[in-house]
Every structure is written in C-alpha cells, then in structure tokens.
Amino acid sequence: GKSHQEMIKEEVPTDPLAAMRMFARDEKLMFKAVSPDPDALKITYAYPNTYTVGICSLGYQLVWAYFATNRRVAVSRLFTDANEPLPQNPNLLGFSFSWELDYTNIMDLLERHNIPISSTDRTDDMPLVFGGGPVLTANPEPYADFFDVVLLGDGEQLLDDFVEAVSAMRRDGASPPRDEMLRALSQIPGIYVPSLYAVRYAAPDGPIVGVEPLEEGVPPRVEKQTYKGGTLATSTVVSPRMAWENIYMVEVVRSCPEMCRFCMASYLTLPFRHAPVEGSLIPSIRAGLAATDRIGL
C-alpha cells in the first residue's frame, strides 16, 4: 500500500463525497456497524475540522461507533473537507467540540447546510443541533447560542439516554415541536438546554453571577455526567490518513492525580480513574496490535 507521506501528497478530491469515499477505503474499523431500523433517527455527526484531524479524536471515534452500532440510529459523518451521503432532513446534527478555535468551523458548517447559527432562529422542520466534548463541558456559555442541546461530561451513559429520549418522543416517524422536545430533554441528567436558562453576568466582560431557569420545572442545576464503568476508551478506527498515522489509542487514565492548576483535563474529567491492567489495559493493547504497530497511550 501507499506510505503515509504518499497519501499526504496525494490529491484529495474537492467533492466532499468523493473525498470521503477515498478516506473510508483506507479505514480499518474495530467495530461491526449494523443496519439501522426503517424508522431510525437520522443523525449527521460532525467534527468541525478536516477528516485527517477529526478522525484522530478518540471522543469523536467513540460517539460515531456508538451511533453506527445502534439500530435506532442512521448516522452520517461530516467533516469540513469530506462527508458521507447526508440525510435530506436529519433529526439531529451533532458536533464533537475538542478545540476552542474550531468554533468558526461550526458556524461555517451550519451555514453550509442552511441552518441558522442562532438556535432561536431555527424552526420545527430543522434538526436539533447538539454538541459535546471538552470545550462545551468546560464552559458551554461562549457557544450556548449556537446549540439547542449541550451534553455535559462523559458520554458513555449520557448518549444512550439522549438517543432513547429523542426516539421515544417521535410519533409515526415525526418529531414533536422543538419547544416540547427541548423541555423534555432538559429533564435528563447531563443535558443542558441553553434556551431554557437566563445567564447573568457581573458586567458585559465580567464573570457569571447566576444561571436561572426561565420556566418552572426546568432543573435549576445541570450536573456533568461521570462514567463509572470498569473499562476506559480505545480506538474504534485506524487509518493511515490520520494526522497520527495508523495510531490505535488506549485510554490509560481519565483525569490526573497531579491536579496542575493550568491543566483543564485534570479538573474536567474528575474523579481520577485508571483502567484495570489485566481486565482492560492489556486486552485493549492486544486488540490494537492486531490492527496496527502503533499504540498511543
């Protein structure tokens, strides 16, 4: 096969569908995708950067694999330079948000797909726009106007609750009005619906002094979710076109006991957890070595 350097130099088609076909040919999947049910939720799941960058995100990989192995979901991937065939009227448009400077790409992707940037301008025939990832969990407020729904914290259980709730609200394949859906979703632990809250600041450029529900029944506090399972994350796809060529990632710890004051990752993913060596870490590394000779811990 071609080397990584040859692939980098290879001309990528400008057509995003053709580009995605090229990228997908080189992928080695670590999961088995399933055929979605006829009435499955149509989800466009985006990473707001190029394929080469986005496919390296372990968080993006995990969520994509969750959707692709769930019969209740028909998922299509979207990057700034490539995408799979996208549904004409998706129920949900999701973003994995790992780097603050990608926020302009989120706006660009929304505009490209004729979705208003501000959530208040969206109508019932448009998808609910949701987002998750470290940027939004750390502080969703700078981006709150762009999202209908924000998923806070670890996604392992939260994603299932989210998909289950959206699926349960559909009647005869149609979704209820946005306002009704958003109120219902706000009741799920870890789901923040910015339009249902008023945020008060000490000054236009000052700190937040209060976040209050705008309606009765909306939870006064949204708790970020913490995964309590016995295994940690591993790659769901390996590709020579990744920015980190053919890397298989194994999450050894989540959070960090050092708690350096400058490190957001330590605080964002508390409490500190480590993968059991015999029960999780070694089997994960073995699985990775069956697919590639490059392991990222």
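Residues numbered from 1 in each chain as written. Predicted model: local features only at pLDDT ≥ 70, side-chain atom pairs only at ≥ 80, totals over all residues. Heavy atoms only, no water.

Undergrad: Just checking my understanding: could you explain the overall build of the chain for this structure?
TA: Regarding its fold elements, the chain presents ten helices and 14 strands. Whereas a compact globule of 297 residues would reach a radius of gyration of roughly 19 Å, the chain reaches 20 Å, a difference of no more than 12%. Referenced to the eigenvectors of the C-alpha coordinate spread, the extents of the chain come out at roughly 60 × 45 × 40 Å. Looking at the chain as a whole, 45% of its 297 residues qualify as buried. In the chain, 65% of the contacts between residues at least 6 apart in sequence involve partners at least 24 apart. Summed over its atoms, the accessible surface of the chain is roughly 15100 Å², and 55% of this surface lies on carbon and sulfur atoms. (Helix = DSSP H or I, 4+ residues; strand = E, 2+ residues; numbered from the N terminus. Rg over C-alpha atoms; globule rule 2.2 N^0.38 Å. Buried < 20%, exposed > 50% of the residue type's maximum accessible area, 1.4 Å probe, protein only. Contact = heavy atoms within 4.5 Å. Areas by Shrake-Rupley, 256 points an atom, 1.4 Å probe, with all protein chains shown as cover.)

Undergrad: Whenever I open this one, a nonpolar patch on the surface confuses me. Can you help?
TA: There is a patch of nonpolar side chains on the surface, built from Tyr201, Ile208 and Val211 and spanning about 240 Å² of accessible area. Structurally, isoleucine 208 can be placed in strand β9 (residues 208-213). Looking at isoleucine 208, the relative accessible area reads 38%, which means it is partly exposed. (Patch = residues over 30% accessible without salt bridge, like charges linked within 9 Å, V, L, I, M, F, W, Y side chains within 5 Å. Salt bridge = Lys/Arg side-chain N within 4 Å of Asp/Glu carboxyl O.)

Undergrad: Sorry if this is basic, but what is going on with the sheet that holds strand β6 (residues 149-151) here?
TA: Strand pairing in a sheet relies on backbone hydrogen bonds, with the paired strands running either antiparallel or parallel. Here six strands make up an open sheet; going across it, the order is β3-β2-β4-β5-β6-β7 and the pairing mixed. The open sheet has two edge strands, β3 (73-78) and β7 (191-192), and neither has a second partner. Lying on the sheet, helix α5 (residues 103-112) is in contact with β2 (41-46), β3, β4 (92-96) and β5 (128-132); it crosses β4 at an angle near 160°. (Pairing = 2+ DSSP bridges. Axes fitted to C-alpha atoms, helices over the stretch in contact; angles between N-to-C directions.)

Undergrad: For this particular structure, what's the right way to read the environment of glycine 210?
TA: Relative to the helices and strands, glycine 210 is located in strand β9. Taking relative accessible area as the criterion, glycine 210 reaches 12% and is therefore assigned buried. In sequence terms glycine 210 and phenylalanine 23 are 187 residues apart; their C-alpha atoms lie 46 Å from each other. Glycine 210 has contacts with Ala198, Val199 and Arg200, leaving out every residue within four places of it along the chain.

Undergrad: What am I meant to see in the nonpolar core here?
TA: It is characteristic of soluble globular proteins that their nonpolar side chains tend to be buried jointly. By size, the foremost hydrophobic cluster in this structure holds 67 residues, and its most contacted members are Phe67, Phe95, Phe147, Phe162, Leu185 and Ile191. With residues near it in sequence (within four places) discarded, phenylalanine 95 still touches Tyr45, Ala46, Ile106, Leu109, Leu110, Val129, Phe130, Gly131, Gly132 and Phe147. (Core = buried A, V, L, I, M, F, W, Y, C linked by side-chain atoms within 4.5 Å.)

Undergrad: What is the right way to read unusual backbone geometry from this model?
TA: Excluding glycine, residues mostly carry a negative phi; peptide bonds, for their part, are mostly trans. Leucine 270 connects to proline 271 through a cis peptide bond whose omega is 5°. Among the secondary structure elements, proline 271 is positioned in the loop between α9 (264-268) and β13 (273-274). Located in the positive-phi region is asparagine 114, a residue other than glycine, with phi close to 60°. For asparagine 114, a relative accessible area of 65% corresponds to the exposed category. You will see that methionine 259, though not glycine, has its phi angle at about 55°, which is positive. Residue placement: methionine 259 occurs in the loop between β12 (253-254) and α9. Its relative accessible area of 25% is what places methionine 259 among the partly exposed residues.

Undergrad: What should I look at first to understand the packing of helix α7 (residues 155-169) against helix α8 (residues 178-185) in this one?
TA: Two quantities define a packed helix pair, namely the angle between the axes and the distance from one axis to the other. Relative to each other, α7 and α8 sit at 145°, their axes nearing to 11 Å. Taken as a pair, α7 and α8 cross one another with a handedness that is right-handed. Facing Phe162, Ala165, Val166 and Met169 of α7, the residues of α8 in contact are Met181, Ala184 and Leu185. Residues of the contact of α7 with α8, tallied by class, amount to seven nonpolar, no polar and no charged. (Left-handed = near helix turned anticlockwise from the far one by under 90°. Nonpolar A, V, L, I, M, F, W, Y, C, P; charged D, E, K, R; others polar.)

Undergrad: For this particular structure, what's the right way to read the state of the cysteines?
TA: Every disulfide links exactly two cysteines, by a covalent bond between their sulfur atoms. Taken as a whole and judged by the stated rule, the model has zero disulfides. Counting only cysteine sulfurs, cysteine 260 is the nearest neighbor of cysteine 256, a cysteine outside any disulfide, at a range of 6.3 Å. Judged by its relative accessible area of 27%, cysteine 256 is partly exposed. Cysteine 263 takes part in no disulfide bond, and the closest cysteine sulfur, belonging to cysteine 260, lies 6.4 Å away. Overall, the relative accessible area of 24% leaves cysteine 263 in the partly exposed class. (Disulfide = S-S within 2.5 Å.)

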